[in-house]
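Each chain, letter by letter, is given below.
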Amino acid sequence: MSWRPQYRSSKFRHVYGKPAPKESCYDGVPITCSVQDNNFCAVNPRFLAVITECAGGGAFLVLSVHHTGKVDPHHPRVSGHRGKVLDVKWNPFDDYCIASCSEDATVKVWEIPPHGLLKNMTVAWKELQGHSRRVSLIEWHPTANNILFSTAYDYKVMIWNLDCPEQVIKNPVRTISLHTDVVLSMSFNTDATLLATTCKDKKVRLLEPRSGTLLQETNCKTHKASKVLILDNVNKLLTSGTSRWNDRQIVLWDLGDLSVPLVEENLDGSSGFLFPFYDPDTHMLYLAGKGDGNIRYYEISSEKPYIHYLTEYRSNLPQKGMGVMPKRGLDVSMCEVFRFYKLVTIKTLIEPLSMIVPRRSESYQEDIYPMTAGNKPALTANEWLSGIDRGPVLMSLKPGHPMDESNGETDKAHGRAYIREQPGGGKTANNGVAGDGRTVVTNGQDFLLCSPPKTENELRVKFHKQQDEIRRLVELLQQRDVHIKQLELEINNLKNSQQNSL
C-alpha cells in the first residue's frame, strides 16, 4: 500500500499573530521583578492591571485599555498591601472590581472608580485575612457572583464569600487542606463543579470545590506538572511542566481517569515556565514560555491524536507574563479570536498581540464566534454555597446584539446606581442621551458648558473620557453600518425569492 499524507482541514490552520504598533502599546511601565511564576497582569474590556516594582510594600497599576503610549511615571497606583503583590484578577462579572494577593498574607478586593484612578488607592473594599503565609494565587468562581478562591504558602486553599457586610473577613467559608506543598495553579471546569490543582509535590488533584472532597489524584513519575487546565468541552485535562529529563512538556489526561496520561509531548529543552491558555470556543490551546518570544498554538480534539499543532508566532521580545482579554472585549470586525498583553521587562513595555483568523469577508463570522460566557453571574454566592450548580450565562458577540455591560453607572453587585446631573437639570445614563433629548458629548458631560480642568491630572482624565466616547461612537456607527448591510441583503433576497416565485 502506498503511503499517503493525511491532511486535516481546520478553519484555524492559518491563524496569525498581529502585534500592536508602538503607539498602541503601553510604554514606561515599571513591571515587577518578582520571580513568582504568575502572569502579573489582568485585563478586561475597560482596564489593564499590571503589578509594578515599588519600594515599601506592594502596588499595581490600573490603566484604561485605551490609555496607550507613554505612561506617566507618577501615575496613581493601588498600593494598600504591606508586601509585594503576587497576583491580580478582575471580577468576571464586574469590570470595576479587582482582587489582589500579597506576601503580607492577605487578599484585598478593590473598587476602581469608573473614570480610573486620580490618586493612589490605599483602602480596599474587602480585606481577607485567613492565611498564615504569603498568598500566591487567587481565582474567581466562573459562574457564582462574589466567590473567591485563594491559596498560599501555608498549603491551604480557602473559599471566600464577599457577600457579607464586614469590611475585614477573617473566616473563609471553606478551607481545603489536602495539599502537602505549595499549590502552583488552579483551574475550574465550565460550571465549576470540578477544581483541578497542581502542587509542588508533583501531584495533580481533582476536587469538588464546594466541599473540598478529593475525587482523583495522580502522580506521574515522568512528568512534573506546574500548570493545569480543565478542557471539559473535550472531556480532557491538560498539564504543562517538565519531563524526567527537564524538557518542557505538555501532557493530556482523560478527565474521567487520571491514572495514565493520554499524550505526552516534549517541546524543547528551555528552562522558562510554560503558560497554557485555552479558548473553549475555538478549541485552541496557546503555549507561551516565560522568557520566550514565541507562542505556539494547537487545536484540541476529542479523538486521537487529540493535540494538533497549528503554527507558531515568533518575536524577539521575551515575555515575563501574559494578560488575556475576555472574549467580549475582542474586535470581531478583524476576526480576532484571542488577544494577549505581553509584559516585556527589558523595554518596560506592554504589547497587545491579536490572534487573527484571515477572512476575506468583512461580515460577522458566526462559525468562529459561537455563544460565549458573558459578564452576568449564573447564580449568587449563597445559591452556590447551598448546593446549586449552573453553567455560565451565554452571550453573542454579534455587532448590534444586546450585550449587558458591567459598568460604573449601575453597579448591580453592590446595589449602587450613579446618575449624572446634566447642565440645566437634565439627567443621563450611560447611553449618552440626556433626559431632555440632547445628545451628550462625553460620558454625560457637555464640554461646552463644563468648567475647564484645573490640573494636569484632570486634563488627562477628561482627555481619556473624550477618547473613550469617540471610540464608543465609532464602534456604534460601525455596528449600525453592518446592521444596515444585513437588512439590505435580506431585502434583496426577499425580492429575488418573490420574482422567482412569480
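Please refer to the structure placed before this passage.
All figures in this text were calculated on a predicted structure; none of them were measured in a lab.

Asker: I'd like a rundown of the sheet that holds strand β12 (residues 135–140), residues and numbers included.
Answerer: Taken in spatial order, the 4 strands make up an open sheet running β12-β13-β14-β16, and their pairing is antiparallel. Two strands lie at the open edges of the sheet, namely β12 and β16 (174–176), each paired on one side alone. Sheet twist, expressed as the mean angle between neighbouring strand axes with direction ignored, is 20 degrees. Pairing of strand β14 (residues 157–161) with β16, which is carried by 3 bridges, proceeds in the antiparallel orientation. Pairing of Ile159 across the sheet is with Arg174, part of β16.

Asker: Explain the pairing of strand β21 (residues 223–231) residue by residue, including any values.
Answerer: Most of β21 sits out of view: 8 of its 9 residues are buried. One ladder, built from 8 bridges, connects β21 with strand β22 (residues 236–243); its direction is antiparallel. Paired with Leu229 across the bridge in β22 is Leu238. In this structure, the hairpin formed by β21 and β22 is closed by a connection of 4 residues, where Asn235 is found at a positive phi of approximately 60 degrees.

Asker: Let's hear about the sheet that holds strand β28 (residues 307–313): which residues, and what values?
Answerer: An order of β25-β26-β27-β28 is seen for the 4 strands of this open sheet, with the pairing classed as antiparallel. Each of the sheet's edge strands pairs with one partner strand only, and the pair in question is β25 (274–279) and β28. With direction set aside, neighbouring strand axes in the sheet form an average angle of 25 degrees.

Asker: Can you tell me about the pattern of salt bridges, naming the residues and giving the values?
Answerer: Scanning all chains against the criterion turns up 26 salt bridges. Taking the shortest distance from any N to any O, the salt bridge between Asp367 and Lys11 comes out at 3.8 Å. With a gap of 356 residues between them, Asp367 in the loop between β31 (349–356) and β32 (372–373) and Lys11 in the segment before β1 (16–19) connect regions that are remote in the sequence. A residue is classified by how much of its surface remains accessible, and Asp367, at 39% relative accessible area, is partly exposed. Note that Arg328 and Asp95 form a salt bridge whose closest N and O atoms lie 2.7 Å from each other. Within this pair, whereas Arg328 is found in the loop between β29 (321–324) and β30 (336–344), its partner Asp95 is found in the loop between β8 (85–90) and β9 (97–102), the two being separated by 233 residues in sequence.

Asker: Outline unusual backbone geometry, supporting the account with residue identities and numerical values.
Answerer: The linkage connecting Lys304 with the following residue, Pro305, adopts the cis geometry, with an omega of 5 degrees. Secondary-structure assignment places Pro305 in the loop between β27 (295–300) and β28. Positive phi, close to 70 degrees, is recorded for Tyr155, a residue that is not glycine. Tracing the chain through its elements places Tyr155 in the loop between β13 (147–152) and β14. At Cys335, a position not held by glycine, the phi torsion is positive, near 60 degrees.

Reading guide: rules and limits
- Residues numbered from 1 in each chain as written.
- Predicted model: local features only at pLDDT ≥ 70, side-chain atom pairs only at ≥ 80, totals over all residues.
- Heavy atoms only, no water.
- Pairing = 2+ DSSP bridges.
- Helix = DSSP H or I, 4+ residues; strand = E, 2+ residues; numbered from the N terminus.
- Axes fitted to C-alpha atoms, helices over the stretch in contact; angles between N-to-C directions.
- Buried < 20%, exposed > 50% of the residue type's maximum accessible area, 1.4 Å probe, protein only.
- Salt bridge = Lys/Arg side-chain N within 4 Å of Asp/Glu carboxyl O.

Read these as geometric descriptors, not functional statements.
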